[in-house]
Each structure stands twice: as C-alpha cells, then as structure tokens.
Amino acid sequence: VGHSKYGGYKTEGGGTVSFNGFKVQALDGDSSRSKFVLVFQVSHNAPIRLRVMAAQHLAELSNSVFRGHHVQFQVQELGELAEGPVIQKLVASGGAHSATNFMF
C-alpha cells in the first residue's frame, strides 16, 4: 500500500481509497456563496480491509478536516462524479435562498 498523488492510498492491485473536496460557487442574482463538496472514493478492487478502515475514518474526517462541507458523495471512481448530481444535491440542501446557477 502506498500514497497516491491525490492524497489517498493506492494498492498493488490498483485499488484506491481517497478523500477529496472541491469548492463550487453558488450564484443567485448579485450574490455569490461558496459551497463545499466532499467526495469519498473507494474503488471496487481496493482490499476489503482498506475499504473498512477508510469508511471508519470518514465520519471523523468529515467533522474535522472537511468540516463545513455542504454535500457528500461516495463513488467508486472519480470519473463517476458529474455536474448534474452535484447541482441537484446542492439545490436540495440550499434552504430559503436557493442558488440559480453554479460555477465549477
């Protein structure tokens, strides 16, 4: 097991586990607000022990390192994540002043 360039772990079999985050600008008229997205990536070929350990750390990391994130996703490969589902979750978590546009 070794580190990948994205801050996760990569195994000899190609399985990866990583915790990622990114910022999206929520736009509504003249205002702009930052929204933070947490992405927990666990590839299907990561060893079960590594997957379990990473899942156990997810709650702690989401409340410390990624504190304040607005939405969270769990994917097997980072390429699975698309703008559409991110926008849907951000709108659903929006509240009274929902954004009309998002800038990635």
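Residues numbered from 1 in each chain as written. Predicted model: local features only at pLDDT ≥ 70, side-chain atom pairs only at ≥ 80, totals over all residues. Heavy atoms only, no water.

Chemist: Please explain the pairing of strand S3 (residues 16–28) as it appears in this structure.
Modeler: Looking along a regular strand, one sees the side chains alternate between the two faces of the sheet. Pairing of S3 with strand S4 (residues 31–42) involves 12 bridges; the strand directions are antiparallel. What sits directly across from Asp28, in S4, is Ser31. Counting the residues that bridge the hairpin from S3 to S4 gives 2 residues, and of these Gly29 lies at a positive phi of roughly 65 degrees. Where S3 lies against strand S6 (residues 101–103), 3 bridges are found, and the strand directions are antiparallel. From the neighbouring strand, Gln25 faces S6, where its bridge partner is Met103. (Pairing = 2+ DSSP bridges. Helix = DSSP H or I, 4+ residues; strand = E, 2+ residues; numbered from the N terminus.)

Chemist: Before we go on, may I ask you to explain the packing of aromatic side chains in this structure?
Modeler: As enumerated under the stated definition, the model contains 1 aromatic pair in all. Taking the centre distance of 5.0 Å and the plane angle of 20 degrees together, the rings of Phe19 and Phe40 count as stacked. With a gap of 21 residues between them, Phe19 in strand S3 and Phe40 in strand S4 connect regions that are remote in the sequence. Here Phe19 and Phe40 have matching classes, each one buried. One residue, Lys89, lies across the ring of Phe73, its end atom 4.4 Å from the ring centre. (Phe/Tyr/Trp six-rings, centres within 6.5 Å; stacked < 30°, edge-to-face > 60°. Buried < 20%, exposed > 50% of the residue type's maximum accessible area, 1.4 Å probe, protein only. Lys NZ or Arg CZ within 6 Å of the ring centre and 35° of its normal.)

Chemist: What exactly am I supposed to notice about the side chain of Thr16 here?
Modeler: Note on placement: Thr16 falls in strand S3. Under the relative-accessibility criterion, Thr16 is labelled buried at 14%. A distance of 2.9 Å separates the side chain of Thr16 from the side chain of Gln41, its partner in a polar contact. (Polar contact = N/O pair within 3.5 Å; in protein donor to acceptor, adjacent residues only side chain to side chain.)

Chemist: Would you take a moment to explain the side chain of Asn20 for this structure?
Modeler: Here Asn20 lies in strand S3. In this structure Asn20 comes out as buried when scored by relative accessible area, which is 15%. Within the structure, the side chain of Asn20 is placed 2.9 Å from the side chain of Ser18, a separation counted as a polar contact.

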